[in-house]
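Observations on chain architecture
This is what each chain is made of:
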Amino acid sequence: MSPHLTASQKALLSVELEQHALALRTQLAAHLHGQSRVDRANEVLHQDNDDASQRRPELAVAAALTDREQVELEAVAQALERLHGGHYGVCSTCGSDIPFDRLKVQPWATQCIPCAS
Ligand SMILES: [Zn+2]
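Counted according to the given criterion, the structure contains one salt bridge. Between D101 and K104 there is a salt bridge, with its nearest N and O atoms 3.7 Å apart. Here the residue D101 and the residue K104 both occupy positions in helix α3 (residues 100–105), the gap between them amounting to three residues, near one helical turn. Judged by its relative accessible area of 42%, K104 is partly exposed.

Next up, the structure:
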C-alpha cells in the first residue's frame, strides 16, 4: 500500500497517467505514420539519388521521437500497474516515499528527488 497518498490523490494521479498514456499513443501513432511515409519517400528518392542524403536527418528525428515516446509510454504503463497494485510512489533506489508534489508533476517517477538528481 501507499499510506502517504490519500485515495483522492491516487485517483487524481490515475487520471493523469491515463490521459498521458492516451496522448503518448496518439503522438506515437502520428509519428509511426509519418515515419513510414518518409520511408516510402526515401525509396522513391533512391531511384534518383540527389536529395536522399538531405532527407535522412528528418527520418532520424522521427525515429528518435518515436523511441522516446515508447520508453515514456512503458514508464506510464508500469506506473499505472504499480498504482493499481498498491506499490506506487516508493523510491526504487532508497525505498522512501516519493512526495505527492513530485508525483503530480511526473506521475510515473520511480525515484525521489535526491536519488533522481
Ligand atoms: Zn530515493
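Turning our eyes to something else, we now look at the coordination of the zinc ion. Around the zinc ion, the protein contributes the donor atoms C91 (SG), C94 (SG), C112 (SG) and C115 (SG), which lie 2.3 Å from the metal centre. Each of the four donor atoms bound to the zinc ion contributes to angles spanning 105 to 114 degrees, and the resulting shape is tetrahedral. Written as a sequence motif, the donor residues of the zinc ion are C-x2-C-x17-C-x2-C. Residue C112 is classed as buried on the basis of its relative accessible area, which comes to 6%.

To continue, consider the side chain of E69. Note that E69 resides in helix α2 (residues 52–85). The residues contacting E69, other than those within four sequence positions of it, are L24, Q27, L28 and H31.

This brings us to the side chain of K10. Here K10 shows up in helix α1 (residues 7–47). One buried charged side chain, K10, makes no salt bridge at all; its nearest oppositely charged neighbour is D97, positioned 11 Å away. Those residues in contact with K10 that sit more than four places away from it in its chain are L5 and L83.

A few words on the environment of L103. If you trace the backbone, L103 turns up in helix α3. A relative accessible area of 0% means that L103 is categorised as buried. A sequence separation of 94 residues divides L103 from Q9, and the C-alpha atoms of the two residues are 9.7 Å apart. Dropping the residues within four chain positions of it, L103 is found in contact with L5, L13, Y88, G89, I98 and A109.

Definitions and limits used
- Residues numbered from 1 in each chain as written.
- Predicted model: local features only at pLDDT ≥ 70, side-chain atom pairs only at ≥ 80, totals over all residues.
- Heavy atoms only, no water.
- Salt bridge = Lys/Arg side-chain N within 4 Å of Asp/Glu carboxyl O.
- Helix = DSSP H or I, 4+ residues; strand = E, 2+ residues; numbered from the N terminus.
- Buried < 20%, exposed > 50% of the residue type's maximum accessible area, 1.4 Å probe, protein only.
- Donors = N, O, S within 2.8 Å, 3.2 Å for Na, K, Ca; no water.
- Tetrahedral: all angles 85-135°; square planar, octahedral: opposite > 155°, others 65-115°.
- Contact = heavy atoms within 4.5 Å.
- Lys, Arg positive; Asp, Glu negative; His and termini not counted.

Everything listed is a geometric property; what it means functionally is a separate question.
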